[in-house]
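# Residue-level structural notes
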Amino acid sequence: MSLQPTLSVSRIKENLGTRLFGAEVLVFDEVESTNDLAKRHVGRGEGLILIADAQTQGKGRSGRSWHSPGGLGIYLSALLKPPTPHPAPLTLMAGVAGVSALKAFVARPSFEPFLKWPNDILTHNGKLAGILCEWCGGESGWLVIGIGINVNHRAADFPPSLAGQATSLQMETGAPIDRVELIRSLIVHLDREYHNWLLKGTADLVKKWSDHTEMFGKKITLRRGDSLFEGTAERLDGQGRLVVRLATGSEMAFDGGEATLSP
Ligand code: BTN
């Protein structure tokens, strides 16, 4: 397979066939963070996709950074204005779209990425991709969905702090990946899953999300602010909250937090 060193807008947009996502695609060599840049591009409209070859201040969840070296990963943000006052499940939608895009792209039975609540994409070797959804300020109603995927990294490309915790598509499959083709798959799946959610609602999304996870029935520790909760991950409820059975036997539903699976 011939690798494309640069991310070509025309190749990304060619016959995409999407309804909303990818209405406009902007590609940058290097930005601080595609999410931050997307927030400044709200006026360009829904479905705008911003992609960077590298990020100098890539952001992860809970104030962490996202390792974003040039030429290796996918760093992509999409702008949306969901027509509902309850768009919290869109973070789950992005996870379903991400994992579906990866599975469709690799299409090998041995490659089985799965979701960890709320929207990490993992394999048994480590974290492959992460999602950071952010509001564009106050009541504006605009949402940025930011997705980072480790694509052509080798183990040595990750900093020591991520050793043994992060993996990449190339490390999983043993072959270099055409980032443009994977970006196209991601945009198509985002478009599909978003419209499915608009049409069928959160219950259907929760079912799909649940089909892509391995965490139910496992012991987890959930950190919310300064509080730690230990228990068993049971299921998602109808709103997409994680239901945990605590040691006391009672169930508690979480709408946010950091989940760690016990080894
Ligand atoms: C996580 O912590 O798992 C979320 C990582 C999200 C990273 C992506 S890369 C594109 C977008 N721009 C950012 O600064 N962050 C997100």
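Above this text you will find the structure in question.
To start, this report covers the structure provided alongside it. On a predicted model such as this, the values are computed, not experimentally measured, just so you know. (Residues numbered from 1 in each chain as written. Predicted model: local features only at pLDDT ≥ 70, side-chain atom pairs only at ≥ 80, totals over all residues. Heavy atoms only, no water.)

### Remarks on the overall build of the protein
Formally: Only runs of H or I of at least four residues qualify as helices and only runs of E of at least two qualify as strands under DSSP, and these elements are numbered from the N terminus. Taken over C-alpha atoms, the radius of gyration is set against a globule rule of 2.2 Å times the number of residues to the power 0.38. Accessibility here uses a 1.4 Å probe with only protein chains present; expressed as a share of the type maximum, an area under 20% marks a residue as buried, one over 50% as exposed, and anything in between as partly exposed. Two residues qualify as a contact provided that any one of their heavy atoms is within 4.5 Å of a heavy atom in the partner residue. A 1.4 Å probe and the Shrake-Rupley method give the accessible areas. Residues count as covered only by the protein chains that appear here. Residues scored as charged are limited to Lys and Arg (positive) and Asp and Glu (negative), so that His and the chain ends carry no count. A charged residue contributes its charge at one atom only: NZ of Lys, CZ of Arg, CG of Asp or CD of Glu.
A count of helices and strands for the protein gives six helices and 12 strands. Relative to the 2.2 N^0.38 estimate, which gives 18 Å for 263 residues, the radius of gyration of the protein is 18 Å and therefore close to what a compact globule would have. Each of the three principal axes of the protein carries a C-alpha extent, and together these read 55 × 40 × 35 Å. For the protein, the residues scored as buried account for 52% of the 263 residues in total. Considering only contacts in the protein between residues 6 or more positions apart, those separated by 24 or more positions represent 62%. Accessible surface for the protein amounts to roughly 12000 Å². Of this, 50% is attributable to carbon and sulfur atoms. Computed over 28 positive and 28 negative side-chain charges, the inter-centroid distance for the protein is 3 Å.

### Let's talk about the pairing of strand 1 (residues 24-31)
Test applied: Strand pairing requires that DSSP identify at least two bridges connecting the strands. Orient the strands so they point away from the viewer, and a crossover whose first-strand-to-second-strand path over the helix runs clockwise is right-handed.
One ladder, built from seven bridges, connects strand 1 with strand 2 (residues 48-55); its direction is parallel. When the bridges of strand 2 are listed, valine 27 appears paired with isoleucine 51. As for the winding sense of the linkage, the β-α-β connection from strand 1 through helix 2 (residues 34-39) to strand 2 is right-handed.

### Brief notes about the sheet that holds strand 10 (residues 242-246)
Within a sheet, each strand pairs with its neighbour through backbone hydrogen bonds, oriented either parallel or antiparallel. For clarity, the threshold we go by: All axes here are fitted lines through C-alpha atoms, helices being fitted over the stretch that makes contact, and every angle between N-to-C directions spans 0 to 180 degrees.
If you trace the five strands from one edge of the open sheet to the other, you get 11-10-9-8-12, paired in antiparallel fashion. The open sheet has two free edges, formed respectively by strand 11 (251-254) and strand 12 (258-261), since each of these has just one partner strand. Across this sheet, the average inter-strand angle for adjacent strands is 45°, counted without regard to direction. Relative to strand 11, strand 10 is paired through four bridges, and the arrangement is antiparallel. Bridge pairing links arginine 245 to glutamate 251 in strand 11.

### A closer look at the packing of aromatic side chains
Applicable threshold: Side-chain rings of Phe, Tyr and Trp (the six-membered ring for Trp) are treated as a pair once their centres are within 6.5 Å; stacked means planes under 30 degrees apart, edge-to-face means over 60, and tilted covers the remaining angles.
Here the structure, examined in full by the defined rule, presents four aromatic pairs. Aromatic rings pair up to connect Phe21, Tyr194 and Trp197 into one cluster.

### Some details on helix 5 (residues 179-200)
What counts here: Any helix carries an expected span of 1.5 Å times its number of residues minus one. Nitrogen and oxygen atoms within 3.5 Å of one another constitute a polar contact, given that in protein one can donate a hydrogen and the other can accept it, and given that sequence-neighbouring residues count only through two side-chain atoms.
The terminal C-alpha atoms of helix 5 lie 31 Å apart, and with 22 residues this matches the ideal 32 Å at 1.5 Å per residue to within 8%. Most of helix 5 is tucked away, with 16 of its 22 residues classed as buried. By the N-cap criterion, in which a side-chain oxygen at the helix start approaches the backbone nitrogen of a residue two or three places on, helix 5 is capped by aspartate 178, the distance to valine 180 being 3.0 Å.

### Some points on the sheet that holds strand 2
Strand order in this open sheet of seven strands is 1-2-3-7-6-5-4, and the pairing throughout is mixed. Each having just a single partner strand, strand 1 and strand 4 (114-116) make up the two edges of the open sheet. For this sheet the average axis-to-axis angle between neighbouring strands, irrespective of direction, equals 20°. Strand direction decides the pairing type here: strand 4 and strand 5 (residues 120-123), joined by three bridges, are antiparallel. In the strand pairing of strand 5, lysine 116 is matched with aspartate 120. Relative to strand 3 (residues 74-80), helix 5 is tilted by about 30°, and along the sheet it contacts strand 2, strand 3 and strand 7 (143-149).

### Topic: unusual backbone geometry
Here the amide bond leading from tryptophan 117 into proline 118 is cis, since omega sits at 0°, within 30 degrees of zero. At asparagine 15, a residue that is not glycine, the phi angle is positive and equals roughly 50°. With respect to the helices, strands and loops of the structure, asparagine 15 is situated in the loop between helix 1 (9-13) and strand 1. Not every positive phi belongs to a glycine, and alanine 107 is a case in point at roughly 45°. The topology assignment puts alanine 107 in the loop between helix 3 (90-106) and strand 4.

### Focus on the site of the ligand
The line we're drawing: We call a residue near a given molecule or strand whenever any one of its heavy atoms falls within 4 Å of it. Side-chain classes are defined by residue name, with Ala, Val, Leu, Ile, Met, Phe, Trp, Tyr, Cys and Pro counting as nonpolar, Asp, Glu, Lys and Arg as charged, and the others, Gly among them, as polar.
Around the ligand, a shell composed of 20 residues is seen, among which Ser33, Gln55, Lys59, Arg61 and Lys127 lie nearest. In the environment of the ligand, a nitrogen atom lies 2.7 Å from a nitrogen or oxygen atom belonging to the backbone of lysine 59. In isolation the ligand has 410 Å² of accessible area, and contact with the protein removes 99% of it. For the shell around the ligand, the leading source of residues is strand 6 (residues 126-135), giving four residues. Its residues placed into classes, the shell around the ligand shows six nonpolar, 10 polar and four charged.

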